[in-house]
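# Remarks on the overall topology
As a plain string of letters, each chain reads:
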Amino acid sequence: MSDTTQFATFMLVLLVFWPSYNLVLALFVWWRPKPGGSEVPSRHPLQYWIIIPALNEERVVANTVRSALALDGARTPVQVVVVDDGSDDRTPHVLAEIDDHRLHVLRRNPPDARKGKGEALNHAYRYVRGIAEEAGTVHRTIVGVIDGDGRGEPGMLSEISAYFGQRDVGAVQCRVRIHNRTNLLAFLQDLEFSCVVDASQSLRDVLGTVGLGGNGQFVRLSTLRELGDAPWSACLVEDLELGLRVHLSGQRIRYATRATITQQGLIDVNRLLRQRTRWGQGNLQCLGYVPKLVRAKHVGSVALLEFLQYLLTPWLVAPMTLLITALVGINFYAQFSGHSIGGMSVSGSNTLLALGIWLVALVLPGLIWGVVHRLRHADEPLWRCLAVGLAYPAFLILGSISTLRALYRHFAGRNSWAKTERLVEKEAPAAKPVPRVA
């Protein structure tokens, strides 16, 4: 078998694998076990403290705080802690206008402020820990994190409480959606979070490898105390790293399939590339946990493989995506110019068949997820779901470019990042305190 034939065979296997993998993952959404668990009866309800890190969030923080306060219920009492991390816009004034005894505002000033999201979260964590220790409620206190643009859906804490009724559960991650998906780029992010990531996290829930995200993570205060005085680190993806540390501590993280947090999607390509580059660079920083996962006795073989898959796959997908894109370009060039480049082209009667296979392999995964979005959520017309599915390959290419940029920044030692700017939102109605049951 010639080198050209071997290469062609390899590419054919790759092309078949990619849509097949996405199809199997999409089907898992319907196969997955029933979510939730049996809640252990308790004399006292779990006490929720929701932390909102805020740095120049004047455009969104009022809606976020009111939404978080509205999660308060008889069995899910809520306190909200906003960490104003040295904002120099109107964020302090916006917060001062919210009159609610359940709201705690912690102001950080230079030189302590603006040292990263992890430090802001640690500051709030120590504040909550001090109150809980004094009140003797550490064992039933849950710390949640909602970003400055996050919106929790009413009733979501009931599902989360059911998971924490299981004693081996140290943390719960919520499903994430995009609430400004009228824009195509934002809709692509909703497709990613609410379908692809949702299916992946559901599979990880079965395998015991769920990852924590920055928005909608809920962790037992007792679990955070075991991780020291600063559970969140300076890692660029402090949420992913915290999740790995929770797993290494021997506790389980569950994925809540119904409890949903919505957030703003980015509608500018450059800002999206910057965000995904930061995520990719943070992922690289977390590769240092691979040896610890390998040595961990309570991490099984299948779980270990899955951990390695989601830590290492981005660095394999990026070059493969660019390679496939380049090969498609080579074939188009060879077809219209009549020249063959390294034998990697088709001619004659096989041309249309080959190009058809390439096209199906590239487009089919996005269309699969577009159909899943329509069937699962039914909140967007079918034509929009199919249109965003057709645009999905371009979205993956953007992700691959971000990954390559992350590699460059990592090895160049460039770790500083500017905060992503929010979009202006309409004001949400004020939350009304819910009467508590003694």
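Please read these numbers as outputs of a predicted model, since none were measured by experiment. (Residues numbered from 1 in each chain as written. Predicted model: local features only at pLDDT ≥ 70, side-chain atom pairs only at ≥ 80, totals over all residues. Heavy atoms only, no water.)

## A look at the packing of helix α9 (residues 269-285) against helix α13 (residues 382-412)
- α13 packs onto α9 with a crossing angle of 55° between their chain directions and a minimal axis gap of 7 Å. Classified by the interaxial angle, the pair formed by α9 and α13 is oblique. Crossing of α9 against α13: the hand is right-handed. Contacts between α9 and α13 involve V269, L272, L273, R274, R276, T277, G280, Q281 and L284 from the first element and F395, L398, I401, S402, R405, A406, L407, R409 and H410 from the second.
- Among the residues making up the contact of α9 with α13, the classes are represented as 9 nonpolar, 5 polar and 4 charged. (Axes fitted to C-alpha atoms, helices over the stretch in contact; angles between N-to-C directions. Helix = DSSP H or I, 4+ residues; strand = E, 2+ residues; numbered from the N terminus. Parallel < 35°, antiparallel > 145°, perpendicular 65-115°, else oblique. Left-handed = near helix turned anticlockwise from the far one by under 90°. Contact = heavy atoms within 4.5 Å. Nonpolar A, V, L, I, M, F, W, Y, C, P; charged D, E, K, R; others polar.)

## Focus on the pairing of strand β7 (residues 217-220)
- Residues Q217 and V219 line one face of β7 and the alternating positions F218 and R220 line the opposite face, and both faces are buried.
- Sheet topology places strand β4 (residues 141-145) next to β7; 4 bridges connect them, and they run antiparallel. By the bridge assignment, V145 is partnered in β7 with Q217.
- Sheet analysis places strand β6 (residues 169-178) next to β7, joined by 3 bridges and oriented antiparallel. Looking across to β7, one finds that V172 is bridged to F218. (Buried < 20%, exposed > 50% of the residue type's maximum accessible area, 1.4 Å probe, protein only. Pairing = 2+ DSSP bridges.)

## Looking at the packing of helix α6 (residues 184-207) against α13
- Two numbers describe how α6 lies on α13: the axes approach to 9 Å, and their chain directions differ by 90°. Judged by the inter-axis angle, α6 sits roughly perpendicular to α13. Where α6 abuts α13, its residues L184, L185, F187, L188, Q189, L191, E192 and V196 lie against R384, C385, V388, A391, Y392 and F395.
- Here the contact of α6 with α13 is built from residues that sort into 11 nonpolar, 1 polar and 2 charged.

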